[in-house]
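Residues per chain, in single letters:
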Amino acid sequence: MNTTILLFLLQDGITNGAIYALLGLALVLVFAVTRVILIPQGEFVTYGALTYASLAAGRMPGTAKLAVVVGLIAVAFDLYAMRKTLHGPKILRTFGLNVAFPVVVLLASMWAADQRVPAGVSLVLSLLIVASIGLSLYRIVFQPLAHTSVLVLLIASVGTHLALQGLGLLFFGAEGQRGPTLLTANVTLGSLRFTGQGMAVYGITIAFIVGLWLFFGLTLYGKALRATAVNRLGARLVGIRTTLSGQIAFLLASTIGALSGILIVPITTLYYDTGFLIGLKGFIAAIIGGLISYPLTAVAALVVGIVGVLDVGRQRHMAVSLQQRERVAGKAQVEQAVVGPAAAQHLGVEGIGEAHAAAGLGALAGAQMHPHLTRAGQHTLHQRLDVAARRL
């Protein structure tokens, strides 16, 4: 493996690591605030990617309808919780957030699918759709279980993952999809070539991490999330609504997951179940960070991405080397089987070329010609054998 190939592999590893860093940060955020190990994070990746690809191809994604359905269920949950003290403004707020907003996004998606809108519009609509699904999922699945153990939350998370994966198969089918690139410009730096999509991955990842840092450090809601993560009971005692903190955490996690999928789908083909494996790499980074440290999670994600790519490169290099050794060994066997070791050195490349090509079909024994050799090949080989015999 030369230096150029190593640089290419490192470039791919950093690109993968940037995606894993986003997913790892989302997992750490959700666990710190809600104690939920978000297994469905991979489904947010898949839904975002395939929704974006479907809109770009002029197809109506089923996730837009799913956002409306889960929003209606979330409203039903809220109305049941407020059944004793119905409050008009609260009802209007929950109806507007969980039903009216997804309906508007659904209508916009139907229009976008008919008009074949630019990639930027498809990106925004995909993020809004997946964010609506993530927000409603928290209300339906995890908010009623907020005070249970981590094990119960994990079981609910696994069940949600399986349900979303099955719905993904229903919406998008078993065939893979790819989406249009966000940037088409290319930059060459020495022997490295940076594609527009790769630069979009780097830029958006850095911008999102900086945005999260500013959000947690400067905004009131960000500080409320940090307080809830540090001490949930203390946050409630000082008046912070931990339910709202959980909603914001899931909103950010679903948005990050969808954005990660949109960044990936122009680079590689994604299927309905691909997101789980991608999310698993982000989970590994989050575990290395102790599910609490954002900087360590980001660094671990880069390491996971680079190590994974280097391992794939090593396996391919070993496979190529093995094939080369097999070709050389097969050529030697053919030469020795046909003319013996002494005469093999007198044969030219033309005479043993076809015999070498036939070595993969079966070894030649003695003077018997392999049946897959053509007549011209046999005639040429006989002539070469006669020349070698005269030289001996």
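Since the structure is predicted, the reported quantities are computational estimates derived from the model, not experimental observations.

### A word on the packing of aromatic side chains
Move 1: Applying the stated criterion across every chain, the model contains six aromatic pairs.
Move 2: Among the aromatic side chains, those forming a connected cluster through ring pairs are Y47, F171 and F172.
Move 3: Against the face of Y80 rests R83, its NZ or CZ located 4.1 Å from the ring centre.

### A few points about the pattern of salt bridges
Move 1: One pass over the full model with this rule turns up one salt bridge.
Move 2: Between D78 and R139 there is a salt bridge, and its shortest N-O distance comes to 2.4 Å. One end of the pair, D78, is in helix α3 (residues 62–81); the other, R139, is in helix α5 (residues 119–142), with 61 residues separating them in the sequence. Like D78, the residue R139 is buried in the burial classification.

### A short note on helix α7 (residues 196–218)
Move 1: The terminal C-alpha atoms of α7, which comprises 23 residues, lie 32 Å apart, in line with the 33 Å expected from a rise of 1.5 Å per residue.
Move 2: Those residues of α7 that sit buried are G196, Q197, G198, A200, V201, Y202, T205, L212 and F216.

### A word on the environment of R236
Move 1: Locating R236 in the fold gives a position in helix α9 (residues 232–237).
Move 2: In this structure, R236 is in contact with H147 and T242, ignoring residues within four places of it in sequence.

### Brief notes about the packing of helix α1 (residues 3–34) against helix α8 (residues 220–230)
Move 1: One way to put it is that α1 packs onto α8 with a least axis distance of 7 Å and a crossing angle of 65°. Judged by residue contacts, L29, A32 and V33 of α1 engage L225, T228 and A229 from α8.

### Considering the nonpolar core
Move 1: Membership of the largest hydrophobic core comes to 67 residues, with the highest contact counts inside it found for L38 and F142.
Move 2: In terms of residues, this core owes the most to one element, α1, which gives twelve residues.
Move 3: Ignoring any residue separated from it by four or fewer positions in sequence, one finds F142 in contact with V36, L137, L153, A156, S157, T160 and F250.

### Re the confidence of the model for the chain
Move 1: Mean pLDDT over the chain works out to 80, with 80% of the residues at or above the 70 mark.
Move 2: Taken together, the stretch residues 341–373 has pLDDT below 50 and engages in 52 contacts with residues farther than four places along the chain or on a different chain.

### Focus on empty space enclosed by the protein
Take a probe with the size of a water molecule and roll it over the atoms, and the empty space left behind shows itself.
Move 1: Taken as a whole and judged by the stated rule, the model has one cavity of 30 Å³ or more.
Move 2: Computed from the structure, the largest cavity encloses a volume of approximately 30 Å³.
Move 3: In terms of residue class, the lining of the largest cavity is made up of five nonpolar, one polar and one charged.

### A look at helix α2 (residues 41–56)
Residues spaced three or four apart along an α-helix point in a common direction, a consequence of the helix completing one turn every 3.6 residues.
Move 1: With 16 residues, α2 should reach 22 Å at 1.5 Å per residue; the first-to-last C-alpha distance of 23 Å fits that figure.
Move 2: Across the 16 residues of α2, 16 count as buried, placing the element largely inside the fold.
Move 3: Once α2 ends, the next one or two residues include G58, with phi positive near 85°.

### Considering the layout of surface pockets
Move 1: The volume enclosed by the largest pocket comes to roughly 730 Å³.
Move 2: What lines the largest pocket is a set of 24 residues, and nearest its centre among them are D78, R93, T94, R241 and Q247.
Move 3: Within the residue set of the lining of the largest pocket, elements represented by two or more residues are α3, α4 (88–115), α5 and α10 (242–264).
Move 4: Top element by residues in the lining of the largest pocket is α4. It accounts for seven residues.
Move 5: When grouped by side-chain class, the residues that make up the lining of the largest pocket number eleven nonpolar, eight polar and five charged.
Move 6: By volume, the second largest pocket amounts to about 570 Å³.
Move 7: Looking at the second largest pocket, it is lined by 24 residues, and the ones nearest its centre are T15, N16, I264, I267 and T268.
Move 8: Among the secondary structure elements, those contributing two or more residues to the lining of the second largest pocket are α1, α7, α10 and α11 (274–288).
Move 9: When residues of the lining of the second largest pocket are assigned to their parent elements, the largest contribution, six residues, is made by α1.
Move 10: Class assignment of the residues belonging to the lining of the second largest pocket gives a composition of eleven nonpolar, ten polar and three charged.

The rules behind each value
Along each chain, the written sequence defines residue order, and numbers are assigned to residues from 1. Confidence filtering applies because this is a predicted model: local features only for residues at pLDDT of at least 70, side-chain atom pairs given and counted only at 80 or more, and all residues used for totals across whole chains, interfaces and linings. The side-chain quantities take in all heavy atoms of the structure and omit both hydrogens and water. Two rings belonging to Phe, Tyr or Trp (six-membered ring only in the last case) form a pair when the distance between their centres is within 6.5 Å. Interplanar angles under 30 degrees mark stacking, angles over 60 mark edge-to-face geometry, and anything in between is tilted. Either the NZ atom of lysine or the CZ atom of arginine qualifies as a charge over a ring when it sits within 6 Å of the ring centre and within 35 degrees of the ring normal. In the sections that follow, a salt bridge refers to a side-chain nitrogen of Lys or Arg positioned within 4 Å of a carboxyl oxygen of Asp or Glu. A run of H or I in DSSP becomes a helix once it reaches four residues, and a run of E becomes a strand once it reaches two; helices and strands are each numbered from the N terminus. Throughout, exposure labels follow a simple rule: accessible area from a 1.4 Å probe, protein chains only, divided by the maximum for the residue type, with under 20% read as buried, over 50% as exposed, and the rest as partly exposed. One less than the number of residues in a helix, times 1.5 Å, gives the span that helix is expected to have. It only takes one pair of heavy atoms within 4.5 Å for two residues to be counted as in contact. Lines are fitted to the C-alpha atoms to define the axes, a helix being fitted only along its stretch in contact, and any angle between axes, read from their N-to-C directions, falls within 0 to 180 degrees. To define a nonpolar core, start from buried Ala, Val, Leu, Ile, Met, Phe, Trp, Tyr and Cys residues and group those joined through side-chain atoms within 4.5 Å. pLDDT expresses how confident the predictor is about each individual residue, on a scale running from 0 to 100. Both cavities and pockets are sets of points on a 1 Å grid over the protein atoms alone; in a cavity a 1.4 Å probe fits but cannot get out, in a pocket the set is open with protein on both sides within 12 Å along at least five of seven lines, and lining residues sit with an atom within 4 Å of a point. Grid points are joined across faces, edges and corners, and a volume is the space filled by probe spheres set on the points. Three residue categories are used. Nonpolar comprises Ala, Val, Leu, Ile, Met, Phe, Trp, Tyr, Cys and Pro, charged comprises Asp, Glu, Lys and Arg, and polar comprises the others, including Gly.

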